[in-house]
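# Inside the fold
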Amino acid sequence: MKKVYICSRYKGTSVEVQKRLQLARIYSRIAWDKGFFPIAPHLYLPQFLDDGNKTERGAALKLGIKALKECAEVWVFGESYSNGMKKEIERAQELKKPIKYFDQRGEPL
């Protein structure tokens, strides 16, 4: 089973973060239903790393990039990208990973 990196927005107000986590779960399910093993670091890294702590946020971003390297593809969800997403997309391009783009509903763009 190929791993796919789920790239979607995370940071925001507490209400936005909760909505974005729910969307990341949906995006992960979409990947699973298509036969992929979804890797969505923003679903689990904030469980033990503090996104409000600059050092820990930096560590989380580095861990996310390490996970991205292990994935066969990168799937980008949404039509506006955070700075973190842009870094992930740039790194995926550098690594020559296939990148697929989807709207916020999970429909291919």
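Everything below is about the structure printed above this text.
Think of each chain on its own: its residues are numbered from 1, step by step along the sequence as written. Since the coordinates come from a predicted model, pLDDT governs what is reported: local features require at least 70, and pairs of side-chain atoms require 80 or more to be given and counted, while whole-chain, interface and lining totals use all residues. To get the side-chain values, all heavy atoms of the structure are used, and hydrogens and water are removed first.

## Regarding the packing of aromatic side chains
Each Phe, Tyr or Trp ring (for Trp, its six-membered ring) is paired with any other whose centre lies within 6.5 Å, and the angle between the two planes then decides the class: stacked below 30 degrees, edge-to-face above 60, tilted in between. For the structure shown, the criterion picks out five aromatic pairs. Aromatic pair Phe36 and Trp75: ring centres 5.0 Å apart, planes at 65 degrees, arrangement edge-to-face. Here Phe36 is found in the loop between helix 1 (14-33) and strand 2 (37-39), whereas its partner Trp75 is found in strand 3 (residues 73-77), with 39 residues between them in sequence. Here the two residues Phe36 and Trp75 agree in accessibility, since each one is buried. Ring pairing ties together the aromatic residues Tyr27, Phe36, Trp75, Phe77 and Phe102, which thus form one cluster. Helix and strand definitions follow DSSP, with helices as H or I runs of at least four residues and strands as E runs of at least two, each counted in order from the N terminus. Burial classes follow relative accessibility: with a 1.4 Å probe on protein chains only, a residue under 20% of its type's maximum area counts as buried, one over 50% as exposed, and anything between as partly exposed.

## A few points about the layout of surface pockets
For each structure, a 1 Å grid was placed over the protein atoms alone; sets of points admitting a 1.4 Å probe that cannot get out are labelled cavities, open sets with protein on both sides within 12 Å along at least five of seven lines are labelled pockets, and lining residues have an atom within 4 Å of a point. Grid points are joined across faces, edges and corners, and a volume is the space filled by probe spheres set on the points. Of the volumes computed, that of the largest pocket is approximately 320 Å³. Those elements that provide at least two residues to the lining of the largest pocket are strand 1 (3-7), helix 2 (41-44), helix 3 (54-69) and helix 4 (83-94). A total of five residues in the lining of the largest pocket trace back to one element, the largest contributor, which is helix 3. Under this grouping Gly is polar, as are all residues other than the nonpolar Ala, Val, Leu, Ile, Met, Phe, Trp, Tyr, Cys and Pro and the charged Asp, Glu, Lys and Arg. Grouping the constituent residues of the lining of the largest pocket by class yields eleven nonpolar, five polar and seven charged. Reported here for the second largest pocket is a volume of approximately 170 Å³. In this structure, the second largest pocket is lined by Ser8, Arg9, Lys19, Arg20, Leu23, Tyr27, Phe77, Gly78, Glu79, Ser80 and Gln104. With four residues, helix 1 is the largest single contributor of residues to the lining of the second largest pocket. Within the lining of the second largest pocket, the residues separate by chemical class into three nonpolar, four polar and four charged.

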